Amino acid sequence: MSAPSHGAPAASTSPPLLAARGVNKRFGAVVAAADLDIAIATGERVSLIGSNGAGKTTFVNMITGYLKPDQGSIHFDGRDITALSPRAITGLGVARSFQIPQLCGGLSVLDNMLVANACHDGRLSFWRRAHRAEAVERAEALLERFALADQRDRRVAELPGGVRKLLDIAMALTAAPKLLLLDEPTSGVSAQEKFPMMETIMAALDNSQGGITALFVEHDMEIVERYASRVLAFAGGRVIADGPPAQALASEDVRIHVTGALAPQPVEAAC
Ligand SMILES: Nc1ncnc2c1ncn2[C@@H]1O[C@H](COP(=O)(O)OP(=O)(O)OP(=O)(O)O)[C@@H](O)[C@H]1O
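Everything numeric here is computed off the predicted structure, so don't read it as measured data. (Residues numbered from 1 in each chain as written. Predicted model: local features only at pLDDT ≥ 70, side-chain atom pairs only at ≥ 80, totals over all residues.)

**Side note on the sheet that holds strand S1 (residues 18-27)**
Think of a sheet as strands paired side by side through backbone hydrogen bonds, with each pair either parallel or antiparallel. If you trace the four strands from one edge of the open sheet to the other, you get S2-S1-S4-S5, paired in antiparallel fashion. Every interior strand has two partners, whereas the edge strands, strand S2 (30-40) and strand S5 (79-80), have only one. Of the strand pairs in this sheet, strand S4 (residues 71-76) and S5 are connected by two bridges, and their pairing is antiparallel. Paired with His75 across the two strands is Asp80, which belongs to S5. Docked against the sheet, helix H1 (residues 56-64) engages S1, S2 and S4, running at close to 60° with respect to S2. (Pairing = 2+ DSSP bridges. Helix = DSSP H or I, 4+ residues; strand = E, 2+ residues; numbered from the N terminus. Contact = placed C-beta atoms within 7 Å. Axes fitted to C-alpha atoms, helices over the stretch in contact; angles between N-to-C directions.)

As structure tokens, then:
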């Protein structure tokens, strides 16, 4: 597998773009986040891995403000965002795309982009000629970057799953984020399509003004190896490995708790 070509980490002297400090979260008896101390630098491509229930989504939901930590703090771009609303956090530059794209199937690709843009910039007057022209120009530039320009006038409900996923991510970028959180960007996409799709996504992030730092939840280890500059592996709400993909995926804890490469083998009954 080739070495990751995207998103070299920033110099270690620069302050982190995102920092979780002493973060804990429980749901009743379930520990979903335990003493998380995580700093992410501008430009990193961080993959969150872990088996079901490991705490990946809880971490993402605390960054976006949908969940509040029981203890600890989260800082983004130099500000304490722990108590902020999801909307305020989005306004500071954190965007998100979902495993199941959040789209209006009855509208065209372009109109979905315009609605997303209007939601982010708060100008619901986007149908006024001046605003609309400006918003259409921005939307078209983004569609171009995602190789979706020729789909502009198609109804979203008619599009294949992979194209819908790309559109969802393009819509997230209408907010001009500094940090993009992706939930399994290639899930449900065929093996042949997943690498070209990731190439498109990563190139779009690299080519955005100022570059976009990315954090992606991923179960596909081929994608992790090829596109992450760093892996954070979770189990039981804790980080069990943190490092470059080759190093993190080789760790014994990851091979036991995440990839199953060292899972205990069933003992054959003695007869
Ligand atoms: N709102 C909630 N109420 C109760 N328990 C929750 C809630 N959200 C998450 N949990 C529990 O917290 C733990 C961590 O869940 P989380 O969704 O963060 O894991 P995950 O690693 O994202 O898993 P998956 O890959 O299945 O999405 C799980 O045991 C889950 O059942």
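**A word on the site of the ligand**
Neighbouring the ligand are the residues Phe27, Val30, Ala32, Gly50, Asn52, Gly53, Ala54, Gly55, Lys56, Thr57 and Thr58. Breaking the shell around the ligand down by element, the ones donating at least two residues are S2 and H1. Residues that form the shell around the ligand fall into these classes: four nonpolar, six polar and one charged. (Near = placed C-beta within 6 Å. Nonpolar A, V, L, I, M, F, W, Y, C, P; charged D, E, K, R; others polar.)

**Here we look at the confidence of the model for the chain**
Looking at the chain as a whole, the pLDDT averages 88, with 87% of positions reaching at least 70. A low-confidence stretch, residues 7-11 stays under pLDDT 50, and its non-local contacts, those more than four residues away or across chains, total 14 contacts. For this predicted complex, the interface score ipTM comes out at 0.98, while the overall pTM is 0.88. (pLDDT = per-residue confidence, 0-100.)

**Observations regarding the nonpolar core**
Note on soluble globular proteins: their nonpolar side chains tend to be buried together. Ranked by size, the top nonpolar core spans 73 residues in total, and within it Leu48, Met113, Leu167, Ala170, Leu180, Val231 and Ala233 carry the most contacts. Counting residues per element, this core draws most heavily on helix H5 (residues 161-173), which supplies eight residues. Once residues lying within four places of it in the same chain are set aside, the contact partners of Leu48 are Lys56, Phe59, Leu215, Phe216, Val217, Leu232 and Phe234. (Core = buried A, V, L, I, M, F, W, Y, C linked by C-beta atoms within 7 Å. Buried ≥ 20, exposed ≤ 12 C-beta atoms within 10 Å, placed from the backbone.)

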